[in-house]
Amino acid sequence: MQLCPESPSGHRPMDLATGVGLLGGVGVVFTLIMIDGGNFAAYFDKHAVIVIFGGSVMATIIRFPFATIAHGLPMGLRYAFTMRAVRPHDLIEEITTIAEVVRKSGPMALENVEISDPFLAQGARYVADGYDREFIRDTMERDRDNFLMHLDEGSKIYRAFGDCAPAWGMIGTILGMVTMFANMSDPSKLGPAMATALLATLYGALIANLVALPIADKLHVKLEEEDVSRSLIIDGILMIRDQRSPTLVREMLVAYLPHHHRGSFEEAAA
């Protein structure tokens, strides 16, 4: 079984929407600061940074085991900035082609077929090796569920960080206000205390609403996409294992597509 050279295992195209959104959001903040005079130093406070990042990270660590964070954090970041290499529409075409190969030349012919998706290649290898239907279904469903579980962990970690950041922003604000009121007799300490109070709220709101929560939502969307694609692949592989006709395979898998994406398949069938 071979993966296509242009789509090797692990290679995923960039999701431009995530990068554009983050850069655009940062650009909006920078533009507003420039309009107000461009004094970027006034928007930095080390106490606020410690409160937001230190507090949010520690609170997130309490919520999850270290192993979950070590695995889910980088995996979530990776999938937030990348897209699936093969879309369901293309998967159906590829699975139909594989079904035609098996129908004409038998399962062993799959050894020489180039397959673009690693999960599909895994299923095709099982078919070529002659594994029984139950083994293929159980193994591939287990792989799918484990993958989706890890992706969901990544989403939960970023959402937890997004939930913590505004709360710790309020904590920073309260600490700054306490310091300010405790030093009303010393005007030189009022400014730094007020900066800590306001900037902690600003940092918490920015981190939550520009980074953490959007990434968590993006990962949830990616999880649904992967669930559809991998379930489609499993059904396709099982039908290929049963040597169903390519036409039947195509018609059964088209049900995974939204109605407005089914037109091209209906025209091809006609």
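Thresholds, definitions, all that
Residues numbered from 1 in each chain as written. Predicted model: local features only at pLDDT ≥ 70, side-chain atom pairs only at ≥ 80, totals over all residues. Heavy atoms only, no water. UniProt positions renumbered as here; feature names shortened; annotations may be inferred. Helix = DSSP H or I, 4+ residues; strand = E, 2+ residues; numbered from the N terminus. Rg over C-alpha atoms; globule rule 2.2 N^0.38 Å. Buried < 20%, exposed > 50% of the residue type's maximum accessible area, 1.4 Å probe, protein only. Salt bridge = Lys/Arg side-chain N within 4 Å of Asp/Glu carboxyl O. Axes fitted to C-alpha atoms, helices over the stretch in contact; angles between N-to-C directions. Parallel < 35°, antiparallel > 145°, perpendicular 65-115°, else oblique. Left-handed = near helix turned anticlockwise from the far one by under 90°. Contact = heavy atoms within 4.5 Å. Nonpolar A, V, L, I, M, F, W, Y, C, P; charged D, E, K, R; others polar. Patch = residues over 30% accessible without salt bridge, like charges linked within 9 Å, V, L, I, M, F, W, Y side chains within 5 Å. Areas by Shrake-Rupley, 256 points an atom, 1.4 Å probe, with all protein chains shown as cover.

The name an unreviewed UniProt entry gives the chain is MotA/TolQ/ExbB proton channel, with Methylobacterium oryzae CBMB20 as the organism. Of the comments in the UniProt record for the chain, the one headed Subcellular location (unreviewed entry) reads "Cell membrane". What the UniProt record of the chain gives under Sequence similarities (unreviewed entry) is the line "Belongs to the MotA family."

Q: Could you clarify how one ought to interpret the overall build of the chain in this entry?
A: Looking only at helices and strands, the chain has nine helices and two strands in total. Scaling as 2.2 N^0.38, a compact globule of 270 residues should have a C-alpha radius of gyration of about 18 Å, whereas the chain reaches 26 Å, well beyond that. With the C-alpha coordinates aligned to their principal axes, the bounding extent of the chain is approximately 90 × 40 × 30 Å. Relative to its 270 residues, the chain shows a buried fraction of 41%.

Q: I would appreciate a short explanation of the pattern of salt bridges in the present structure.
A: Any two side chains of opposite charge can pair, given that their charged atoms come close. In total, this model carries 12 salt bridges according to the counting rule given. A salt bridge links Arg84 to Asp117; its shortest N-O distance comes to 2.7 Å. You can see Arg84 sitting in the loop between α3 (66-80) and α4 (88-105) and its partner Asp117 sitting in the loop between β2 (114-115) and α5 (118-128), a full 33 residues away along the chain. Residue Glu134 is joined to Arg137 by a salt bridge in which the shortest nitrogen-to-oxygen separation is 2.3 Å. A residue pair is termed a helical-turn pair when its members lie 3 or 4 positions apart in one helix, as Glu134 and Arg137 do in helix α6 (residues 133-182) at three residues.

Q: Just to check I follow, could you spell out the packing of helix α7 (residues 190-241) against helix α8 (residues 246-253) for this structure?
A: When two helices pack together, their arrangement is captured by the angle between the axes and the distance separating the axes. Contact geometry of α7 with α8 gives a least axis separation of 10 Å together with a crossing angle of 160°. Of the possible angle classes, the one that applies to α7 and α8 is roughly antiparallel. You can see that α7 and α8 cross each other, and the crossing is right-handed. Of α8, the residues touching α7 (which contributes Leu232, Asp235, Gly236 and Met239) are Val249, Met252 and Leu253. A breakdown of the residues in the contact of α7 with α8 according to their chemical character gives five nonpolar, one polar and one charged.

Q: Honestly, a nonpolar patch on the surface in this entry has me stumped. Any pointers?
A: Together, Val26, Phe30, Met34 and Phe40 make up a nonpolar patch on the protein surface, roughly 370 Å² of accessible area in all. Take Phe40: it is sitting in the loop between α1 (16-35) and α2 (46-63).

Q: So what exactly am I meant to see when it comes to the UniProt feature "transmembrane region" (unreviewed entry) in the chain here?
A: Residues annotated by UniProt as "transmembrane region" (unreviewed entry) correspond here to residues 16-35, 47-66, 165-184 and 190-213. As annotated, residues 47-66 has a helix share of 90% and a strand share of 0%, and its two end C-alpha atoms lie 26 Å apart. Across residues 190-213, the secondary structure splits into 100% helix and 0% strand, with the terminal C-alpha atoms separated by 33 Å.

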